[in-house]
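# Summary of the model geometry
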Amino acid sequence: PYDELVLMQLQPFDKKTVTSVEKEMRAVGEETVVNEDTLELKDQTDLTDWVKITLGQKAAKIKTTSKLESHPCVVTVEEMAAARHFIKTQGANFSEEQRYTILQPQFEMNPAHPIIKKLNELKTANPQLAILVTEQLFANSMVSAGLVEDPRTMLKSMNELLERALEKH
């Protein structure tokens, strides 16, 4: 766990600048990619706008990315190692809303992933289910990033999502 903190303090090594992969993912300059496997550009824009409204203050920025291959989405924060350390040491002292305000998570979605494509359809076909899926994807990404102190907190929403998914069966 302290490796991240050590690397964060390590500036140049062997005359090369050390940069975390997570920080590199947040780098500005990536253009939105549209091909036969992704959502159309208008759909990507509409979906990111809808997700921003749905998540509200939880995510500071929503965008699509071509950097993901097998995952539907990811959460990145500036200085991920410091953020993880903060959550582990100080997270209990702040409310969930305060943690989101401090962390400023960026939610990035893969427009070629089947879940994101289906979410785009669900936002009009079944808005309630789409909201649950969006919130669950965000929660999953926060857990995956190591930014949730106790993942058991998301069990209620996960069960609600499963309940909704199984209603028609």
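Values in this document were obtained by computation on a predicted structure and should not be read as measured data.

## As for the side chain of E108
- By secondary structure assignment, the location of E108 is in strand β5 (residues 106-109).
- Despite its burial, E108 remains without a salt bridge, the nearest opposite charge being carried by K63 at 4.5 Å.
- At 2.7 Å, the side chain of E108 and the side chain of Q106 are in polar contact.

## Re helix α7 (residues 127-144)
- Along its 18 residues, α7 runs 25 Å from first to last C-alpha, staying within 8% of the 26 Å computed at 1.5 Å per residue.
- For α7, the full list of buried residues reads L129, A130, L132, V133, T134, Q136, L137, F138, A139, S141 and M142.
- Looking at the buried side of α7, the elements it contacts are α3 (41-55), β4 (73-76), α5 (96-103), β5, α6 (114-125) and α8 (155-166).

## Some remarks on the packing of α7 against α8
- Following both chains from N to C, one finds α7 and α8 inclined at 145 degrees, their axes separated by 10 Å at the closest point. Crossing of α7 over α8 shows left-handed handedness. On α8, the residues that touch Q128, L129, L132, V133 and Q136 of α7 are S157, M158, E160, L161 and R164.
- Considered class by class, the residues forming the contact of α7 with α8 number 5 nonpolar, 3 polar and 2 charged.

## Structural notes on the environment of E78
- Structurally, the position occupied by E78 is in the loop between β4 and α4 (80-90).
- Taking the C-alpha atoms as reference points, E78 and P105, 27 residues apart in sequence, are found 8.0 Å from one another.

## A few points about the nonpolar core
- Core analysis: the largest hydrophobic core is formed by 31 residues, its most contacted members being L47, V51, F107, M109, F138 and L147.
- Within the residue set of this core, elements represented by two or more residues are α3, β4, α4, α5, β5, α6 and α7.

## A few points about the environment of G146
- If you trace the backbone, G146 turns up in the loop between α7 and α8.
- The spatial distance from the C-alpha of G146 to the C-alpha of I87 is 8.6 Å, given a sequence separation of 59 residues.

## So, the packing of α6 against α7
- It is the contact of α6 with α7, at a shortest axis distance of 7 Å, that shows an interaxial angle of 145 degrees. Both α6 and α7 take part in a crossing whose hand is left-handed. Across from I115, I116, L119, L122, K123, T124 and A125 in α6, the residues of α7 making contact are P127, L129, A130, V133, T134 and L137.
- Grouping the constituent residues of the contact of α6 with α7 by class yields 10 nonpolar, 2 polar and 1 charged.

Definitions and cut-offs
- Residues numbered from 1 in each chain as written.
- Predicted model: local features only at pLDDT ≥ 70, side-chain atom pairs only at ≥ 80, totals over all residues.
- Heavy atoms only, no water.
- Helix = DSSP H or I, 4+ residues; strand = E, 2+ residues; numbered from the N terminus.
- Buried < 20%, exposed > 50% of the residue type's maximum accessible area, 1.4 Å probe, protein only.
- Lys, Arg positive; Asp, Glu negative; His and termini not counted.
- Salt bridge = Lys/Arg side-chain N within 4 Å of Asp/Glu carboxyl O.
- Polar contact = N/O pair within 3.5 Å; in protein donor to acceptor, adjacent residues only side chain to side chain.
- Expected span 1.5 Å × (residues − 1).
- Contact = heavy atoms within 4.5 Å.
- Axes fitted to C-alpha atoms, helices over the stretch in contact; angles between N-to-C directions.
- Left-handed = near helix turned anticlockwise from the far one by under 90°.
- Nonpolar A, V, L, I, M, F, W, Y, C, P; charged D, E, K, R; others polar.
- Core = buried A, V, L, I, M, F, W, Y, C linked by side-chain atoms within 4.5 Å.

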